[in-house]
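Results of the structural survey
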Amino acid sequence: VKHPLMHRWTLWFTKPASGKGDNWNDLLKEVITFNSVEEFWGIYNNIASVSELALKSDYHLFKENVRPEWEDAQNKHGGKWSYSFREKRNVDIDELWLHTMLAAIGETLEGEDDDEVMGVVVNVRKAFFRIGVWTRTIGKSIPGRGDGDTAGGKGRSPEKARDILMAIGHRFKDVLKLPASEQLEFSGHLDAQHSGSTRAKAKMIV
Ligand code: M7G
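The structure reproduced in this document is the subject of the present report.

Moving on, we come to empty space enclosed by the protein. Where empty space is left becomes clear once a probe the size of a water molecule has been rolled over the atoms. By the definition in use, this model includes two cavities of 30 Å³ or more. Taken as a whole, the largest cavity encloses approximately 40 Å³ of empty space. Taken together, Leu 11, Phe 34, Phe 40, Ile 43, Tyr 44, Ile 47, Leu 61 and Met 101 form the lining of the largest cavity. Top element by residues in the lining of the largest cavity is helix H2 (residues 37-44). It accounts for three residues. When grouped by side-chain class, the residues that make up the lining of the largest cavity number eight nonpolar, no polar and no charged. A volume near 40 Å³ is recorded for the second largest cavity. Trp 9, Lys 63, Ala 103, Ala 104, Glu 107, Thr 108, Leu 109, Glu 110 and Val 117 together form the lining of the second largest cavity. Considered class by class, the residues forming the lining of the second largest cavity number five nonpolar, one polar and three charged.

Here's what the structure looks like:
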């Protein structure tokens, strides 16, 4: 018996750049798509754990048909909640990433009709492990569009969209078992791409 998931999910891997000529597109690889709990465990048990990955690797677990890139139509108005674990030796990154993936595929990060979570990401870097949740919107109107057209459509007001994003942030913070004293930060993908620009930052913190 297979226990179906609410969505089909695709696992992606970013392999570390080998030389200067490598660009993002050469490094991002689609691994496999699945839609049941059993398939998830089969895959999980047969791939390298995060703690075994080389520096500059990423895993991305995204809803099927959403590429784990800012440029994807379903991400381009979105953002992410993320946290960087800088005490790399003191953190069980494998367990945190597993719980993040289970929260994503088990649909416990958002409410049933929210349709905000696009995927989850883990980055292995020299100074930190970073885990993030990518969302469809940033809880603000899209520049150049009407006010009711908060990214994601559904006719949500910016205030309502913001409430949904804050709730996702709180749930994600629980999944990561972060104490109240630690801050999870939200940033819009556009801000991330043009960091240093004068664009108003979509700053939220939980
Ligand atoms: P990162 O992995 O988000 O953060 O981006 P890091 O600086 O902590 O490693 C690293 C680099 O990967 C970026 O500067 C981009 O060159 C590239 N990159 C990452 N993402 C998520 C994207 C993306 O969605 N699209 C494109 N074109 N490049 C990306």
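Relative to the elements of secondary structure, Val 1 occurs in the segment before strand S1 (4-14). For Val 1, a relative accessible area of 92% translates into the label exposed. The spacing of Val 1 and Glu 38 is 37 residues in sequence and 8.8 Å in space, taken between C-alpha atoms.

All told, the structure shown has eight aromatic pairs when counted by the stated rule. Relative to Trp 41, the ring of Phe 40 has its centre 5.2 Å away and its plane inclined at 70 degrees; by these criteria the two rings are edge-to-face. The class for Trp 41 is partly exposed, based on a relative accessible area of 32%. Where Tyr 83 meets Phe 85, the ring centres are 4.7 Å apart and the plane angle is 70 degrees; that geometry is what we call edge-to-face. No difference in accessibility class separates Tyr 83 from Phe 85, as the two residues are buried. Chaining the aromatic ring pairs together yields one cluster made of Phe 34, Phe 40, Trp 41 and Tyr 44. Directly above the aromatic system of Phe 129 lies the positively charged group of Lys 88, at a separation of 4.8 Å from the ring centroid.

Within the element layout of this structure, Tyr 59 appears in strand S3 (residues 58-63). Given a relative accessible area of 6%, Tyr 59 falls into the buried group. Measuring from C-alpha to C-alpha, the distance between Tyr 59 and His 189 comes to 18 Å, with 130 residues separating the pair along the chain. Here Tyr 59 is in contact with Leu 11, Trp 12, Phe 13, Ile 47, Ala 48, Val 50, Leu 53, Trp 97, Val 120, Val 121 and Val 122, once residues within four sequence places are set aside. In this structure the side chain of Tyr 59 is engaged in a polar contact, spanning 2.7 Å, whose partner is the backbone oxygen of Ala 48.

Another point: the nonpolar core. Among the nonpolar cores identified, the biggest contains 42 residues, and Trp 81, Phe 85, Leu 109, Ile 131 and Leu 176 are the most heavily contacted of them. When residues of this core are traced back to their parent elements, those giving at least two are S1, H2, S3, strand S4 (79-85), helix H3 (93-105), strand S5 (117-124), strand S6 (129-135) and helix H4 (158-175). Residue contributions to this core peak at eight residues, all from H3. With residues near it in sequence (within four places) discarded, Leu 109 still touches Ala 103, Ala 104, Val 117, Val 120, Val 133, Ile 168, Arg 171, Phe 172 and Val 175.

Thresholds, definitions, all that
- Residues numbered from 1 in each chain as written.
- Predicted model: local features only at pLDDT ≥ 70, side-chain atom pairs only at ≥ 80, totals over all residues.
- Heavy atoms only, no water.
- 1 Å grid on protein atoms, 1.4 Å probe; cavity = no way out; pocket = protein on both sides within 12 Å on 5 of 7 lines; lining within 4 Å.
- Points joined across faces, edges and corners; volume = space filled by probe spheres on them.
- Helix = DSSP H or I, 4+ residues; strand = E, 2+ residues; numbered from the N terminus.
- Nonpolar A, V, L, I, M, F, W, Y, C, P; charged D, E, K, R; others polar.
- Buried < 20%, exposed > 50% of the residue type's maximum accessible area, 1.4 Å probe, protein only.
- Phe/Tyr/Trp six-rings, centres within 6.5 Å; stacked < 30°, edge-to-face > 60°.
- Lys NZ or Arg CZ within 6 Å of the ring centre and 35° of its normal.
- Contact = heavy atoms within 4.5 Å.
- Polar contact = N/O pair within 3.5 Å; in protein donor to acceptor, adjacent residues only side chain to side chain.
- Core = buried A, V, L, I, M, F, W, Y, C linked by side-chain atoms within 4.5 Å.

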